[in-house]
Amino acid sequence: MADFHSIVILTGAGVSAESGVATFRGPGGLWEGHRVEDVCTPQALARDAELVHRFYDERRAKLAQVEPNAAHLALARLEAQWPGELLLVTQNVDDLHERAGSQRLLHMHGELKSALCAACGVRERWDAPLPPESECPNCGTPALRPDIVFFGEMPYQMERIEAALAQADLFVSIGTSGAVYPAAGFVQTARHRGAATLELNLDPSEGSIWFEESRMGPAGTLVPEWVEEVLSQSTQSSPISR
Ligand code: OAD
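Residues numbered from 1 in each chain as written. Predicted model: local features only at pLDDT ≥ 70, side-chain atom pairs only at ≥ 80, totals over all residues. Heavy atoms only, no water.

### A look at the domain arrangement of the protein chain
One can read the domain layout of the protein chain as domain 1 (6–21 + 68–109 + 156–234) and domain 2 (27–64 + 115–148). Each of domain 1 and domain 2 has a C-alpha centre, and the two are 26 Å apart. When the two sides are added together, the surface that domain 1 and domain 2 hide from each other amounts to roughly 620 Å², 50% of it contributed by carbon and sulfur. On the domain 1 side of the interface with domain 2, the three residues burying the most area are Val93, His109 and Tyr156, jointly 58% of the side's total. Between the two partners, domain 1 and domain 2, sit zero salt bridges. Put simply, domain 1 and domain 2 have four residue pairs in polar contact (both at pLDDT 80 or more) between them. Each residue belonging to the side of domain 1 that touches domain 2 can be placed in one class, and the counts come to two nonpolar, two polar and three charged. (Domains from an automatic or database assignment. Buried area = accessible area lost by both parts, 1.4 Å probe. Salt bridge = Lys/Arg side-chain N within 4 Å of Asp/Glu carboxyl O. Polar contact = N/O pair within 3.5 Å; in protein donor to acceptor, adjacent residues only side chain to side chain. Nonpolar A, V, L, I, M, F, W, Y, C, P; charged D, E, K, R; others polar.)

And the structure:
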């Protein structure tokens, strides 16, 4: 049995689904009513800033109506109680992991509650609606945009994520379709470095074949069960069978 010391966890929209935050793909998904090209690309922002800002304003406002679920809470508990290294990387732009108590957390695709200045690059906490041409509090340029990593842009914190993946002996992917790179490739990086790999998802993701072990079901059930296993076995044996 392996003894794990360093875990990297990747989460996607599926971890927030039971909180009432829409996923991107599939029936009822966010992209169903919108073409990605209309709301999540630099070209869309240049073409129709009103639409792009309104799309993210609505999603930011929705955060006030949702709460962390059992999966978010279990991951925060794992961070607080597991003695090893842990990094939680989320593709989600909601704030449910931090509201559940997670601290060792990276938002690789940006955050709804942040605004980015396209002129000076400063990132500002932002809770209110963000009309196009809002002035940057740092440089004064009317160039604030939603702090969301659009398709074609580089995700945040890639160096830190790659370094953590290189150290990890367990990589766990939760609630993501595996459709969007570079996150979809983390499992292969981790495997290449010799880490064990576990997927927790409602149904098999596009990268399912890369995982050593896959458990299918709702995150609100699977994640607390897995966390319980890790915490109860951390002094004895492996949180997944190898
Ligand atoms: P997707 O909508 O592509 O995939 C969500 C995954 O969660 C699917 O595989 C579902 O089966 C699964 N799922 C749904 N409900 C679940 C539940 N209750 N428990 C567990 N799993 C569940 O969302 P992401 O993979 O996160 O980027 O999408 C990746 C990126 O695509 C997003 O970060 C976003 C989007 O473009 C940006 O906006 C920059």
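### Looking at the site of the ligand
Taken together, 24 residues surround the ligand, and among them Phe24, Arg25, Thr176, Ser177 and Asp203 come closest. Between the ligand and Arg25, the relevant distance is 2.6 Å, taken from an oxygen atom to a side-chain nitrogen or oxygen of the residue. Contact between the ligand and Ala219: a nitrogen atom at 2.8 Å from a main-chain N or O atom of the residue. Of the residues that constitute the shell around the ligand, the class distribution is 11 nonpolar, 10 polar and three charged. (Near = heavy atom within 4 Å.)

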